[in-house]
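Fold and geometry: a report
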Amino acid sequence: GAVVSQHPSRVICKSGTSVKIECRSLDFQATTMFWYRQFPKKSLMLMATSNEGSKATYEQGVEKDKFLINHASLTLSTLTVTSAHPEDSSFYICSAVGLAGAWVPYEQYFGPGTRLTVT
Amino acid sequence: SQQGEEDPQALSIQEGENATMNCSYKTSINNLQWYRQNSGRGLVHLILIRSNEREKHSGRLRVTLDTSKKSSSLLITASRAADTASYFCATDAFQGAQKLVFGQGTRLTINP
């Protein structure tokens, strides 16, 4: 159980275009999902917290107009990188936290990541 | 912001040896977790230790936590080639918010 998927796993886009990345909890409902960014050989940086039915909370320094997050249902959150530029190339990882009481407290389940390359 | 500092940044050992990685953090925490990440992949949860615990075991893994020193260690015993990966500690400081702050990670290489 507790599987989180991301789609696509890899995407290459041209500079100036927008890219949408989906994060789905496959066998559980997630009220909260997190989006992380990871540069090569670096650690994960939290970008934003996505709560179902409400606006995402962005970390300091993350442009909310550039990284649009929509948590439309208890099993789906999307991250849209708008007007992508080469510096947005990175590995994007989402995680999901199940409904209270359903899972081990404080444990997040991570998706496999999406490799974005902007040319 | 990154809270955790991990050392060493890279560790290379022979198969069968034990591997020890350390993590330090700056603020008070509720829990500390260790994750493994294979190259280009997502994270795999290894073990969680609560702030009121000092040591925890899971198979070949042993985690210690010293809240007075704000540090934790991960020991992998009898290492295998398949243990080759990056290992990250992550802390959550806000009860209920479950925001994780990750350390810089240790790249572990197990040589056959």
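Residues numbered from 1 in each chain as written. Chains lettered and ligands numbered in written order. Predicted model: local features only at pLDDT ≥ 70, side-chain atom pairs only at ≥ 80, totals over all residues. Heavy atoms only, no water.

1. Concerning the overall build of chain A
Note the following rule: Working definition: helices are DSSP H or I runs of at least four residues, strands are E runs of at least two. Numbering for both runs from the N terminus. Put simply, the radius of gyration uses C-alpha atoms, and a globule should come to 2.2 Å times the residue count raised to 0.38. Per-residue accessibility, obtained with a 1.4 Å probe over protein chains only, is compared with the maximum for each type, and a residue is labelled buried under 20%, exposed over 50%, and partly exposed between these values. The contact rule is simple, with two residues in contact once any of their heavy atoms fall within 4.5 Å. All accessibility values rest on the Shrake-Rupley procedure with a 1.4 Å probe; residue burial counts only the protein chains present in the view. Charge counting treats Lys and Arg as positive and Asp and Glu as negative, with His and both chain ends excluded. Lys charges are placed at NZ, Arg charges at CZ, Asp charges at CG and Glu charges at CD.
Scanning chain A from N- to C-terminus turns up zero helices and eleven strands. Going from the N terminus to the C terminus, chain A shows its helices and strands as β-β-β-β-β-β-β-β-β-β-β. In terms of overall size, chain A behaves like a compact globule, its C-alpha atoms giving a radius of gyration of 14 Å where 119 residues would be expected to give roughly 14 Å. In terms of overall dimensions, chain A has a C-alpha envelope of 45 × 25 × 20 Å along the principal axes. Burial status across chain A gives 52% buried among its 119 residues. For chain A, restricting intrachain contacts to residue pairs at least 6 apart in sequence, the fraction spanning at least 24 positions comes to 57%. Of the roughly 5700 Å² of accessible surface on chain A, a fraction of 53% belongs to carbon and sulfur atoms. With 11 positive and 9 negative side-chain charges, chain A shows a separation of 8 Å between the mean positions of the two kinds.

2. Digging into the interface of chain B and chain A
Reports of interface size often rely on the accessible area that becomes lost once the parts have come together. Which entries qualify depends on this criterion: Note on terms: buried area is the combined drop in 1.4 Å-probe accessible area of two parts once they are placed together, counting the loss on both. Salt bridges are identified by distance alone: a Lys or Arg side-chain nitrogen within 4 Å of an Asp or Glu carboxyl oxygen. Polar contacts here mean pairs of N or O atoms no more than 3.5 Å apart (in protein, one a potential hydrogen donor and the other a potential acceptor; neighbouring residues in sequence count only if both atoms are side-chain atoms). All residues other than Ala, Val, Leu, Ile, Met, Phe, Trp, Tyr, Cys, Pro, Asp, Glu, Lys and Arg, Gly among them, are scored as polar; the first ten of these are nonpolar and the last four charged.
The interface is formed by 24 residues belonging to chain B together with 22 residues belonging to chain A. Note on chain B versus chain A: buried area summed over both sides is about 1900 Å², and carbon and sulfur give 54% of it. When residues of chain B are sorted by the area they lose upon contact with chain A, Leu-43, Gln-98 and Lys-99 of chain B head the list and together hold 27% of the total. The salt bridge partner of Lys-99 of chain B is Glu-59 of chain A, with a shortest N-O separation of 2.9 Å. Summed over the shared surface of chain B and chain A, the number is four residue pairs in polar contact (both at pLDDT 80 or more). Listing elements by their share of the side of chain B that touches chain A, those giving two or more residues are strand 4 (31-37), strand 5 (43-50) and strand 9 (85-92) of chain B. Across the side of chain B that touches chain A, the residue classes break down as seven nonpolar, twelve polar and five charged.

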